[in-house]
Amino acid sequence: MSVSAKILKGHEVGRIQGRPRAVVVGKGVDGASQAIELLEAGCDACLVNPIQDAQLQDSSPSVWRPSFVSDSNPDVLRQIFKSSFQRLLTLNASAFDAGIQLIHGYEFHSSFPAIPLWSDAVFGFRRAHPAEVKLLCPHAKHGFVYTTVLIDQFKYNAFLHDHLKALGGTEELLDVATLSDAAMIHVQNRDTLTTSHRADFIVDCYGLSPSDPPAAQPKKVEILKVFPSKACDSRFFLLDFTHESRPVYLLPAPAPDSDKYRPVDRTDPAHAQLLRRYAAAMPWLPAARVALAEVQEPARLEQSV
C-alpha cells in the first residue's frame, strides 16, 4: 500500500460552489480509500479507474507495509501510517467481510536498513536477531520482525467499493492519461444525482502526466509472490528485499484463483532457488503456487494550489 497523491485545487480545476467535488484517479485500494475519505469529509467524489491498467491490477493478498517517497514530511507520514493502521485494525474487529487479519512475520535486506517511519504503527517492531536471519533467510544480512495485517485485496476491494457506493460516491472506468483528461470529468451530486459540474480538485493516486501527450508512464515493479496451494498452519510471512529489482513475498494465505499462479516447478531455475532458500522455513513451499505480480511505485506526493 502506498501513500501518494497529487492534489490540484481551486482555479486550476474549477470553482468551489456548495459541496466540494473531487475526482480521484487511482485503481484498487489506494484510489477507493482516498475517495471514501473525501466522501466522509463531506465532498462529492467520483473514483476513476484508468482503463489502460484495468487488467494489470494485482488482487492477491498482501501485507500492510507502506511505501512512500523519501522527501515527504516524516511527521505527516507517521501520522498517516498510524491512522491507516488503526483503521485497518478497526475493520479487522468489526467488518468480517473486509478480508483483514493480523499476521506476524519477517522482512530481510542485504544491507543494514534504517528503521522505517511506519515502525511505531505496527505491533512489536524490532530488528531480527542474527540467528533468525541465518535460519530464515541466510543470504540476507539484516532484517525486521513485526506484526501487521494481511489484506485479502479481492475482498477488501469489494468491501471498499460497496462502502463508496453506500456513501453516494460514483465510479468510472475511463481512458485517463493526463491531468487534463481528469479535469474534464464531471462529478455526481449525491443529493440531486446530477452530474453537471466538473471537479473542484483532483486527487491523483495513479501518477498522471501533466502533459499531453503523456510523459513517461509510472514505473512498475515486479514482485515474486508465493502462496500455499491451500490453507496451511503456517501463520507468518517472509519478505525478501535482498534483490531490490525483484523482491520475494512468501505469504501464508491460500493462492488466489487465477491462471497467473502456477505450481512450483523444480526444473525452473528460479523456482529451484526458492526451494533452496526458503523450504526449511516454509514447509508448505514445495506445493506452493507462484507468480510475478506487477505493481506501481507510488507517485510523488505533491500539492499544487
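One can find the structure itself at the top, above this paragraph.
Everything quoted here is computed from the prediction, not taken from an experiment.

S.K.: Sorry, what's going on with the pattern of salt bridges here?
M.R.: Any two side chains of opposite charge can pair, so long as their charged atoms come close to each other. All told, the structure shown has nine salt bridges when counted by the stated rule. We note a salt bridge from Asp-120 to Lys-82, for which the minimum N-O separation is 3.5 Å. A residue pair is termed long-range when its members are at least 10 positions apart, and Asp-120 in the loop between strand S5 (100-109) and strand S6 (123-127) and Lys-82 in helix H2 (residues 74-94) qualify at 38 residues. On the basis of relative accessibility, which here comes to 43%, the residue Asp-120 falls in the partly exposed class. Given a relative accessible area of 37%, Lys-82 falls into the partly exposed group.

S.K.: Before we go on, may I ask you to explain the environment of Ala-291 in this structure?
M.R.: Tracing the chain through its elements places Ala-291 in strand S16 (residues 289-296). You can call Ala-291 buried: its relative accessible area is 7%. Along the sequence, Ala-291 and Ala-255 sit 36 residues apart, while their C-alpha atoms lie 9.8 Å from each other. With residues near it in sequence (within four places) discarded, Ala-291 still touches Ile-223, Leu-224, Lys-225, Lys-260 and Tyr-261.

S.K.: How should helix H4 (residues 153-166) be read in this particular structure?
M.R.: Given 3.6 residues per turn, any residue in an α-helix points the same way as the ones three and four places further on. An ideal rise of 1.5 Å per residue puts 20 Å on 14 residues; H4 measures up with 19 Å between its terminal C-alpha atoms. All buried positions along H4 are accounted for by Gln-153, Tyr-156, Asn-157, Phe-159, Leu-160, His-161 and Leu-164. Within two residues after H4, Gly-168 carries a phi angle of roughly 95°, on the positive side.

S.K.: Any chance you could explain the packing of aromatic side chains here in plain terms?
M.R.: To describe a pair of aromatic rings, one takes the distance between the centres and the angle between the planes. Tallying each qualifying case throughout the model produces 13 aromatic pairs. With a centroid separation of 5.0 Å and 70° between ring planes, the pair formed by Trp-118 and Tyr-146 is classed as edge-to-face. Residue Trp-118 is found in the loop between S5 and S6, and its partner Tyr-146 is found in strand S7 (residues 142-151); the two are separated by 28 residues along the sequence. For Trp-118, a relative accessible area of 2% translates into the label buried. Taking 6.4 Å as the distance between ring centres and 15° as the angle between the ring planes, the aromatic pair formed by Tyr-156 and Phe-159 counts as stacked. Here Phe-159 and Tyr-156 lie together in helix H4, a separation of three residues that amounts to about one turn. Tyr-156 sits in the buried class, given a relative accessible area of 5%. For Phe-159, a relative accessible area of 19% puts it in the buried group. One aromatic cluster in this structure is built from Trp-118, Phe-125, Phe-144, Tyr-146 and Phe-237.

S.K.: Would you mind going over the pairing of S7 with me for this structure?
M.R.: Put simply, side chains in a regular strand alternate between the two faces of the sheet. In terms of residue burial, S7 counts as a mostly covered element, since nine of its ten residues are buried. Here ten bridges tie S5 to S7, and the two strands are oriented antiparallel to one another. Across the sheet, residue Phe-108 finds its bridge partner in S7, namely Gly-143.

S.K.: Please explain the side chain of Ser-62 as it appears in this structure.
M.R.: As for its placement among the helices and strands, Ser-62 is situated in strand S4 (residues 62-63). We classify Ser-62 as buried; its relative accessible area is 13%. Not counting chain neighbours up to four residues away, the residues in contact with Ser-62 comprise Val-149, Leu-150, Ile-151, Gln-153, Lys-225, Tyr-249 and Leu-251.

Calculation rules
Residues numbered from 1 in each chain as written. Predicted model: local features only at pLDDT ≥ 70, side-chain atom pairs only at ≥ 80, totals over all residues. Heavy atoms only, no water. Salt bridge = Lys/Arg side-chain N within 4 Å of Asp/Glu carboxyl O. Helix = DSSP H or I, 4+ residues; strand = E, 2+ residues; numbered from the N terminus. Buried < 20%, exposed > 50% of the residue type's maximum accessible area, 1.4 Å probe, protein only. Contact = heavy atoms within 4.5 Å. Expected span 1.5 Å × (residues − 1). Phe/Tyr/Trp six-rings, centres within 6.5 Å; stacked < 30°, edge-to-face > 60°. Pairing = 2+ DSSP bridges.

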